[in-house]
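Listed here are the chains, written in short residue letters.
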Amino acid sequence: MNIQITPKKTDGAERLLEISVPVETVRDEEDKAVRRYAHNARLPGFRPGKAPVAVVRKKFADAIRQEMLESIVQAAYQEALEQQQLKPIAQPHVHDLKFEDGKPLTFELHLEVRPEIALPRTGGFRVARTDSAVAEAQVNEQLEQLRDQRGTWAPSEEKPAPGDLVTVNLSSANEAGVLPEGKEYRLVLGSGQAIAGIEELIMEAAPGQTVERPVKWPDDFPDEAQRGKTKLTRVTLTEAKRKALPDLDDALAREVGDFDSLDALRKAVRQDLEAAAVRQAEADLRSKLLDEIIGANPFDVPQSWVNQLVQAYGEAYQIPEPERERFGNEFRAMAERQVRRDLVIDTLAEQEKLSASESEVDDRVAALAAKRNAKPGEVYAGLQKAGRLREIERNIVEDKVFAWLTERNTIE
């Protein structure tokens, strides 16, 4: 097709092309559209395909015009890709389309491509590794959580305290100052399920009692219309339960798992915490290295990728549709950093020819199977069916990239 392509933006992840299609080309495409309609048109008084071109042109003017425009834009897009040697990563957008009889057809073509990333500086950084030591207090805290998980609730006749499970009938005055019929709620005090003022009111009542007084809603309450308001609130404490925790002893250790004694459980908890701390320290180190590289090598990122990631996380977290925009605005910076991170890793892997071999994938699957006490073949088949083998390959490549980076930077 005889078109004129003028690049307006040629760097980064975005491309903006100005397209101009001569009048003659527009007429040719319009004539083709007319002939197609004439061949298939069924009009009263004419045999199929025998209606005069002029009649067809008048009868289907809008449809012919639309088909001609779509044909020209699609052909121009394909020619622009070949001429400019572009590899788009998302559907293009057409802007500012202008079409008048007797004048060239013009429009702007906006598209995104994978940016050509230059990473001239990937070494010479000094990064501190996070201390992965596990304190005894952390072990004790984990053991207390295990006790809490196996606690039992028992009715209490005392006024409730933080940690107690309560059932209450609660109502707050409306705009007219009237207390409506209350609703029943079940919550654990101190867990953030109710605002502080209401929890304080609940703790003033013994089981079976009703108390009421003005309560101020916090200034950061999610519903802006309720922030800072003081409303008469009534609470009837229907039931209170207090959790009884088992002793931290050998019996609890045997109940938790295959442990002969509390010392064995304590040792296992420490080992788990230490392994988690090492993984977190490694993740923090990698994050710091990437921050240094991204800061020293700025580049644009495809916004379509960022949008896709934001949308994917919105669906994964089951964000309601009315809250999607707010979630997107809050999550966008994190999503953009994730895209930058992936682009840096992919670029380094490609430049340094770092890839995952079949044997390395097999070894990783075998290690995973050993942890699950399963056969490697079964685990491999399950991962393949779930489409997760690519994830294992990706992890192996990332490990190689960060090993390569670690050798070229100072880790303190």
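Residues numbered from 1 in each chain as written. Predicted model: local features only at pLDDT ≥ 70, side-chain atom pairs only at ≥ 80, totals over all residues. Heavy atoms only, no water.

Student: I'd love a proper account of the packing of helix α9 (residues 324–351) against helix α12 (residues 389–407), names of residues and values included.
Tutor: When two helices pack together, their arrangement is given by the angle between their axes and by how far apart the axes lie. At their nearest, the axes of α9 and α12 sit 10 Å apart, and the two run at 80° to each other. Between α9 and α12, the angle is such that the two are roughly perpendicular. Contacts between α9 and α12 involve Arg341, Asp342, Ile345, Asp346, Leu348 and Ala349 from the first element and Arg394, Val397, Glu398, Val401, Phe402, Trp404 and Leu405 from the second. In terms of residue class, the contact of α9 with α12 is built from 8 nonpolar, no polar and 5 charged. (Axes fitted to C-alpha atoms, helices over the stretch in contact; angles between N-to-C directions. Helix = DSSP H or I, 4+ residues; strand = E, 2+ residues; numbered from the N terminus. Parallel < 35°, antiparallel > 145°, perpendicular 65-115°, else oblique. Contact = heavy atoms within 4.5 Å. Nonpolar A, V, L, I, M, F, W, Y, C, P; charged D, E, K, R; others polar.)

Student: Requested: an account of the environment of Arg337, with residues and values cited.
Tutor: Tracing the chain through its elements places Arg337 in helix α9. Beyond its immediate stretch of four places on either side in the chain, Arg337 contacts Ser287, Leu290 and Asp291. Here the side chain of Arg337 touches Asp291 through a polar contact of 2.7 Å, side chain to side chain. (Polar contact = N/O pair within 3.5 Å; in protein donor to acceptor, adjacent residues only side chain to side chain.)

Student: With reference to specific residues and values, describe a negative patch on the surface.
Tutor: The grouping of Asp250, Asp258, Asp260 and Asp263 at the surface amounts to a negative patch. Of note, Asp260 is situated in the loop between α6 (250–256) and α7 (262–296). Residue Asp260 is classed as exposed on the basis of its relative accessible area of 64%. (Patch = residues over 30% accessible without salt bridge, like charges linked within 9 Å, V, L, I, M, F, W, Y side chains within 5 Å. Areas by Shrake-Rupley, 256 points an atom, 1.4 Å probe, with all protein chains shown as cover. Salt bridge = Lys/Arg side-chain N within 4 Å of Asp/Glu carboxyl O. Lys, Arg positive; Asp, Glu negative; His and termini not counted. Charge placed at Lys NZ, Arg CZ, Asp CG, Glu CD. Buried < 20%, exposed > 50% of the residue type's maximum accessible area, 1.4 Å probe, protein only.)

Student: Tell me about the pattern of salt bridges, and please be specific about residues and values.
Tutor: Taken as a whole and judged by the stated rule, the model has 31 salt bridges. In this structure, Asp96 and Lys98 form a salt bridge, with 3.9 Å as the shortest nitrogen-oxygen distance. Here Asp96 falls in the partly exposed class, since its relative accessible area comes to 47%. Judged by its relative accessible area of 48%, Lys98 falls in the partly exposed class. One salt bridge connects Glu336 with Arg340, and the closest N-O pair in it is separated by 3.2 Å. One end of the pair, Glu336, and the other, Arg340, are both in helix α9, 4 residues apart, so they sit about a helical turn from each other. Residue classification places Arg340 among the buried residues on the basis of a relative accessible area of 17%. Shared partners join several salt bridges into a network, and the residues in it are Arg129, Glu282, Arg286, Arg364 and Asp399.

Student: How would you explain the nonpolar core if you had to name every residue and give the values?
Tutor: Side chains that are nonpolar tend, in soluble globular proteins, to be buried together. Ranked by internal contacts, the top residues of the largest apolar core, which has 30 residues, are Val344, Leu348, Val401 and Leu405. For this core, the secondary-structure elements that each account for two or more residues are α7, α8 (303–316), α9 and α12. It is α9 that contributes the most residues to this core, 9 residues altogether. Apart from the residues within four sequence positions on either side, Leu405 is in contact with Thr122, Leu289, Ile293 and Leu348. (Core = buried A, V, L, I, M, F, W, Y, C linked by side-chain atoms within 4.5 Å.)

Student: Account for α9, with residues named and values stated.
Tutor: End to end, α9 covers 38 Å across 28 residues, agreeing with the expected 40 Å (1.5 Å per residue, within 8%). At Phe331, α9 shows its strongest bend, of approximately 50°. At the C-terminal side of α9, Lys353 shows a positive phi close to 55°. (Expected span 1.5 Å × (residues − 1). Bend = angle between axes of the 7 residues up to and from the residue.)

Student: Requested: an account of the confidence of the model for the chain, with residues and values cited.
Tutor: Across the chain, the average pLDDT comes to 90, with 98% of residues at or above 70. The least confident element of the chain, judged by mean pLDDT, is helix α2 (residues 53–59) at 76; the most confident is strand β7 (residues 165–172) at 96. (pLDDT = per-residue confidence, 0-100.)

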